[in-house]
Protein chains: 4
Amino acid sequence: MQRLIRFSHTDPAGIVYFPVYFDMFNGVVEDWFTHALGLNYASMILDRRLGLPIVHAECDFLVPSRMGETLTMGVVIERLGRSSLQIRINGEIGDQVRLSGGLTMVTTSLDAFGPVPIPDDIRAAMEAYDAACRA
Amino acid sequence: MQRLIRFSHTDPAGIVYFPVYFDMFNGVVEDWFTHALGLNYASMILDRRLGLPIVHAECDFLVPSRMGETLTMGVVIERLGRSSLQIRINGEIGDQVRLSGGLTMVTTSLDAFGPVPIPDDIRAAMEAYDAACRA
Amino acid sequence: MQRLIRFSHTDPAGIVYFPVYFDMFNGVVEDWFTHALGLNYASMILDRRLGLPIVHAECDFLVPSRMGETLTMGVVIERLGRSSLQIRINGEIGDQVRLSGGLTMVTTSLDAFGPVPIPDDIRAAMEAYDAACRA
Amino acid sequence: MQRLIRFSHTDPAGIVYFPVYFDMFNGVVEDWFTHALGLNYASMILDRRLGLPIVHAECDFLVPSRMGETLTMGVVIERLGRSSLQIRINGEIGDQVRLSGGLTMVTTSLDAFGPVPIPDDIRAAMEAYDAACRA
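What you see is a predicted model, and the numbers here were worked out from it, not measured in a lab.

About the criteria used
Residues numbered from 1 in each chain as written. Chains lettered and ligands numbered in written order. Predicted model: local features only at pLDDT ≥ 70, side-chain atom pairs only at ≥ 80, totals over all residues. Heavy atoms only, no water. Helix = DSSP H or I, 4+ residues; strand = E, 2+ residues; numbered from the N terminus. Rg over C-alpha atoms; globule rule 2.2 N^0.38 Å. Buried < 20%, exposed > 50% of the residue type's maximum accessible area, 1.4 Å probe, protein only. Contact = heavy atoms within 4.5 Å. Least-squares fit on C-alpha atoms with pLDDT ≥ 70 in both. Pairing = 2+ DSSP bridges. Axes fitted to C-alpha atoms, helices over the stretch in contact; angles between N-to-C directions. Parallel < 35°, antiparallel > 145°, perpendicular 65-115°, else oblique. Nonpolar A, V, L, I, M, F, W, Y, C, P; charged D, E, K, R; others polar. Phe/Tyr/Trp six-rings, centres within 6.5 Å; stacked < 30°, edge-to-face > 60°. Lys NZ or Arg CZ within 6 Å of the ring centre and 35° of its normal. Buried area = accessible area lost by both parts, 1.4 Å probe. Salt bridge = Lys/Arg side-chain N within 4 Å of Asp/Glu carboxyl O. Polar contact = N/O pair within 3.5 Å; in protein donor to acceptor, adjacent residues only side chain to side chain. Disulfide = S-S within 2.5 Å. pLDDT = per-residue confidence, 0-100. Expected span 1.5 Å × (residues − 1).

The next subject is the overall build of chain A. When helices and strands are counted, chain A shows three helices and eight strands. Sequence-ordered secondary structure for chain A, helices as α and strands as β, is β-α-α-β-β-β-β-β-β-β-α. Its C-alpha atoms give chain A a radius of gyration of 16 Å, within 12% of the compact-globule value 14 Å for 135 residues. Judged by the C-alpha coordinates and their principal axes, chain A covers about 45 × 35 × 20 Å. Within chain A, buried positions represent 56% of all 135 residues. Sequence-distant contacts in chain A: of pairs separated by 6 or more residues, those separated by 24 or more amount to 64%.

With an RMSD of 0.0 Å, the operation that places chain C on chain A is a rotation of 180° combined with a shift of 0.0 Å along the axis. Those values place the two copies in the arrangement expected of a two-fold rotation axis. If distances are taken from each C-alpha of chain C to the rotation axis, the shortest is found for Pro12(C), at 2.1 Å.

A sheet is described by the order of its strands in space; here 10 strands give the open sequence S1(C)-S4(C)-S5(C)-S6(C)-S3(C)-S3(D)-S6(D)-S5(D)-S4(D)-S1(D), paired in antiparallel fashion. Every other strand in the sheet has two partners, leaving strand S1 (2-4) of chain C together with strand S1 (2-4) of chain D as the edge strands with one partner each. Adjacent strand axes in the sheet meet at a mean angle of 20°, parallel and antiparallel pairs treated alike. Taken strand by strand, helix H1 (residues 18-36) of chain C contacts S1, strand S3 (54-61), strand S4 (70-80), strand S5 (84-93) and strand S6 (96-106) of chain C together with strand S3 (54-61) and strand S6 (96-106) of chain D, and its axis lies near 120° from that of S3(C).

Interaxial distance between helix H1 (residues 18-36) of chain A and helix H1 (residues 18-36) of chain B falls to 8 Å at its minimum, and their mutual angle equals 180°. The orientation of H1(A) relative to H1(B) falls into the category roughly antiparallel. Residues Phe18(A), Pro19(A), Phe22(A), Asp23(A) and Asn26(A) of H1(A) form the contact with H1(B), whose participating residues are Phe18(B), Pro19(B), Phe22(B), Asp23(B) and Asn26(B). Grouping the constituent residues of the contact of H1(A) with H1(B) by class yields six nonpolar, two polar and two charged.

This part is about the packing of aromatic side chains. Scanning the entire structure with this criterion turns up 46 aromatic pairs over all chains. The ring of Phe113(A) is capped by Arg66(B), whose NZ or CZ atom sits 5.1 Å from the centre of that ring.

Our focus in this paragraph is the interface of chain C and chain A. In this assembly, six residues from chain C lie in contact with six residues from chain A. Summing the contributions of chain C and of chain A, the shared interface buries around 690 Å²; its carbon and sulfur component is 78%. Three residues stand out in chain C for area buried against chain A, namely Phe7(C), Pro12(C) and Tyr17(C), and they jointly supply 66% of the buried area on that side. Taken together, the links from chain C to chain A amount to zero salt bridges.

Moving on: the interface of chain B and chain A. Taken together, the contacts link 19 residues of chain B with 19 residues of chain A. Viewed at the interface, chain A and chain B are joined by zero salt bridges. Of all elements in the fold, only H1 and strand S3 (54-61) of chain B reach the threshold of two or more residues within the side of chain B that touches chain A. At eight residues, S3(B) tops the list of elements feeding residues into the side of chain B that touches chain A. Looking at side-chain class alone, the side of chain B that touches chain A contains 13 nonpolar, two polar and four charged residues. Here five bridges tie strand S3 (residues 54-61) of chain A to S3(B), and the two strands are oriented antiparallel to one another. Across the sheet, the residue bridging to Cys59(A) is Ala57(B), located in S3(B).

With that out of the way, let us pick up the side chain of Ser65(B). Its place among the elements puts Ser65(B) in the loop between S3 and strand S4 (70-80). A distance of 3.0 Å separates the side chain of Ser65(B) from the side chain of Arg98(B), its partner in a polar contact.

Across all of its chains, the model carries zero disulfides over all chains by this definition. Here Cys133(C) is not disulfide-linked; the sulfur of Cys59(C) is the nearest cysteine sulfur, at 19 Å. Distance from the sulfur of Cys59(D), which forms no disulfide, to the nearest cysteine sulfur (Cys59(C)) is 13 Å.

Averaged over chain A, the pLDDT score is 95; the fraction of residues at 70 or greater is 100%. Taken over the whole predicted complex, pTM reads 0.95, whereas the ipTM for its chain interfaces reads 0.95.

Moving on to the environment of Thr34(C). The topology assignment puts Thr34(C) in helix H1. Distance from Thr34(C) to Met44(C), taken between C-alpha atoms, is 10.0 Å for residues 10 residues apart in sequence.

This part is about H1(B). All names here are of chain B. Taking 1.5 Å as the rise per residue, H1 with 19 residues should run 27 Å; its terminal C-alpha atoms sit 26 Å apart, in good agreement. By the criterion of burial, H1 is predominantly enclosed, with 15 of the 19 residues buried. Where H1 ends, the next residue or the one after it, Gly38, has phi of about 75°, a positive value.

What follows deals with the pairing of S4(C). Residue and element names in this part refer to chain C. As defined by bridge partners, S1 adjoins S4 across three bridges and the pair is classed as antiparallel. Bridge assignment links Gln2 to a residue of S4, and that residue is Thr72. As paired elements, S4 and S5 share eight bridges and run antiparallel to each other. Bridging from a neighbouring strand, Gly74 pairs with Asn90 of S5. In sequence, S4 turns back onto S5 through a hairpin of three residues.

This paragraph deals with the relation of the copies chain B and chain A. Superposition of chain B onto chain A requires a rotation of 180° combined with a translation of 0.0 Å along the rotation axis, giving an RMSD of 0.0 Å. Interface residue correspondence from chain B to chain A reaches 100%, placing this contact among same-surface, isologous pairings.

Listed below in structure tokens is the structure:
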């Protein structure tokens, strides 16, 4: 997944304002669901009423990035629990890792406001993705 | 430091969108400099050309918060290095810790684009703050 | 209503990124409801399920503002219709008008997703505010 | 130019939060420069030190849009002055115009902080684009 660094992403020092990366991560998760897992993210939220609230987020900002650069963002599954998912998202330009983030999210019923087990179809898609990454 | 949760901070699930907290953290650092350390943050950036880029950020989101609630954000110094500063920011409502974040930043020359030792006046203000917190 | 210009509000040119002002306007409307009209904005949305979607927004950006400056934002009612409200929000520093924005919003049922007449208590509060401004 | 409506763009009412559209407009202008005018936007800012601050922005929000929808954004030049440019940006889905915005910007030296005439190469690219739109 490619992310162009825009004017609006950068701060008075000319580099990406760090909360922007966390917003990008959320978009990366959406695109990962829709394009890599084959699950429509919007439909999961709006129709299945299944949310993925973040319970932990972290990021190491290794090298600053500037307007006009394009980051390649990749997702790796670190842990797939009963109702929680831990992923790593690296942002790279060429061979250089610019940032490395981690998100832990919990599959949650948006009606009951509580955690629910990861549904079978989503788990199967994640296991297939994980196997493909390891291959 | 008080932070009212606004309509714009919340997502379709009605809770704060997690990158908003990292943006709040940056504002908390600004207010902490200006009000608790007695150092004008804007002047530090614009006049002294000293920046505080974040090299690591993390947060545990323990309890979701909703529009209309007011978080109290407190800053604790965890480590004061030669040119780096590690702080913890907790967001609480009443007795309940809603979120607990950590930021590591490096004092950086905005002209030379490299780390510089924490200036003496800033270090002194941080040490005084830290001593007051522990007292 | 006072608004401190933060680091995160400004762009690589060092001035406020213009969409930030529209986000500020939304916050100004919230505070105006809660503090000037005496109506809890969050409760209006969450409990009364009454929304105020914006159907038109505009702004003249007259003088740029920079990090560390504090804008004073004032609200004037320009037109109070059956289910629509048009306001002007000026942002000033000292005697200087930095920006002048206009918002038109429509009182909308968040359950029926359609416009509803402005409820009597809200209309009365707005008329009282308008009379006080003109006095 | 296509814009997917993401989770983060939408508000507790499930529709796009209006300041997001103005942020999208800024990105549309960037992409318009780079892809339609053949002028690298980032390079214009960073290398030529030429900015395009917005002096007026407006938008009619005609039909709300929701997460998962994809807007097509088109740019039309309304007025090309000596140092100012006025454009219209419509956002459409299928035959339906969802929003119609206007931006007026002024070519500005980021070193001298004042307006400068639109450089010849930029004016030529805009005139060619305008002619192609009218054809």
